[in-house]
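# Summary of the model geometry
Residues per chain are reported as follows:
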Amino acid sequence: MESPISRTDLNCISLADPDIQKSVELLKQACLDSGFFYVVDHGISQEFMDEVFDQSKKFFDLPHSEKMKLLRDEKNRGYTPMLDEILDPENQVNGDYKEGYYIGVEVPADNPDSNRPFYGPNQWPSEEVLPKWREVMEQYHREALRVAKSVARIIALALDLDVDFFDRPEMLGEPIATLRLLHYEGQVSNPAKGVYGAGAHSDYGLITLLATDDVVGLQICKDRNAQPQVWEYVAPVKGGFIVNLGDMLERWSNSIFRSTLHRVVLDGRQRYSIAYFVEPSHDCVVECLPTCKSETNPPKFPPITCSAYLSQRYKDTHADLSAYSDGKA
């Protein structure tokens, strides 16, 4: 029998706090400790957040046949069915008990940039089926990017970089930013039997902004090498974001800042969450930051472009699309 899982305490950063140094210190401590923290006072109204969740639920309430018309494409845009993703193949008997919907940076098909791996047109439900849906999601995409850029400025200061380090065109000036709506069905997870809402993983990119409903499910493991691993619940925060660092920032910071394992364990209630994944531009070279290396701490990772790194990570965790056309999934 597993021991009861405690709740972790996370630092809380207010984007309205005029004392930027206080925010930098809180964030720095969080990034050294677990790579997870709360962000509040971010400027997105509670009314609008409620509307985004409402519109998300309307999509997931559609018949399966309607959702499958928007099955994710080669650019990872659109619907991901239940069990499509397997984040922890060593420990999961099936895929994740969640369905999702990817919305990326909208780039028209006739734009040369649409040929790049994570750019292109999004897939949208028709206005007849879900009026206002696209308008709400595009507004949220813009608002969340604004919040992410504010957080990135605090991260830059915490790494002893210029405050606008991540604002440059090759960084977040032309980002790969992906909104992902998520719905976990009313399944009871059983880690002992390899059944999870979402298997243990760390996120791929720079940072993730996570908005959740009030159903507890997210767990983090601060030391992935501990035996046995110790998991702690992260409490939802009304109107705020749970923010975590991705593997790309861990590479950049030469493992000084942490990208932490997390998973979703369900108690039988349905759960909705909205993740916003923020990465730099396609051609951005992720290599050890000058402030994060020394003679005693040389670079641990070779340089890699953002596009190459992300493409491999998505390929590793999602079902091959041909499985759907073959009738196997």
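Cut-offs and rules
- Residues numbered from 1 in each chain as written.
- Predicted model: local features only at pLDDT ≥ 70, side-chain atom pairs only at ≥ 80, totals over all residues.
- Heavy atoms only, no water.
- UniProt positions renumbered as here; feature names shortened; annotations may be inferred.
- Phe/Tyr/Trp six-rings, centres within 6.5 Å; stacked < 30°, edge-to-face > 60°.
- Buried < 20%, exposed > 50% of the residue type's maximum accessible area, 1.4 Å probe, protein only.
- Lys NZ or Arg CZ within 6 Å of the ring centre and 35° of its normal.
- Salt bridge = Lys/Arg side-chain N within 4 Å of Asp/Glu carboxyl O.
- Axes fitted to C-alpha atoms, helices over the stretch in contact; angles between N-to-C directions.
- Helix = DSSP H or I, 4+ residues; strand = E, 2+ residues; numbered from the N terminus.
- Parallel < 35°, antiparallel > 145°, perpendicular 65-115°, else oblique.
- Left-handed = near helix turned anticlockwise from the far one by under 90°.
- Contact = heavy atoms within 4.5 Å.
- Nonpolar A, V, L, I, M, F, W, Y, C, P; charged D, E, K, R; others polar.
- Pairing = 2+ DSSP bridges.

- By the naming in an unreviewed UniProt entry, the protein goes by Fe2OG dioxygenase domain-containing protein and is assigned to Urochloa decumbens.
- Recorded under Sequence similarities (unreviewed entry), the UniProt text for the protein is reproduced unchanged: "Belongs to the iron/ascorbate-dependent oxidoreductase family."

### Quick word on the packing of aromatic side chains
- As enumerated under the stated definition, the model contains nine aromatic pairs in all.
- Ring centres 5.4 Å apart and planes at 75 degrees place the aromatic pair Phe 59 and Phe 60 in the edge-to-face group. Residues Phe 59 and Phe 60 agree in their burial class; the two are buried.
- Put simply, the rings of Phe 59, Phe 60, Tyr 79, Tyr 101, Trp 124 and Trp 133 pair up and form one aromatic cluster.
- Stacked on the ring of Phe 165, the Lys or Arg Arg 168 has its end atom at 4.4 Å from the ring centre.

### Examining the pattern of salt bridges
- Evaluation of the coordinates by the stated rule reveals 17 salt bridges.
- Note that Asp 96 and Lys 98 form a salt bridge whose closest N and O atoms lie 2.4 Å from each other.
- Overall, the relative accessible area of 0% leaves Asp 96 in the buried class.
- Of the residues examined, Lys 98 reaches a relative accessible area of 6% and is grouped as buried.
- Through salt bridges with shared partners, a single network forms among Asp 33, Lys 222 and Glu 232.

### Thoughts on the packing of helix α2 (residues 46–60) against helix α4 (residues 133–158)
- One can describe the packing of α2 onto α4 by two numbers: an axis separation of 10 Å at closest approach and a directional angle of 130 degrees. Overall, the two elements α2 and α4 adopt an arrangement that is oblique. The two elements α2 and α4 meet at a crossing, and its hand is left-handed. From α2, Phe 48, Met 49, Glu 51, Val 52, Gln 55, Ser 56 and Phe 59 reach across to α4, where they touch Trp 133, Val 136, Met 137, Gln 139 and Tyr 140.
- The class makeup of the residues in the contact of α2 with α4 is eight nonpolar, three polar and one charged.

### Things to note about the pairing of strand β8 (residues 218–221)
- Alternating residues of β8 divide into Leu 218 and Ile 220 and Gln 219 and Cys 221, and every residue in both groups is buried.
- As paired elements, β8 and strand β11 (residues 261–264) share four bridges and run antiparallel to each other. Pairing of Leu 218 across the sheet is with Val 264, part of β11.
- As judged from the two bridges shared by β8 and strand β9 (residues 232–233), these two strands associate in the antiparallel manner. When the sheet's bridge partners are listed, Gln 219 is paired in β9 with Tyr 233.

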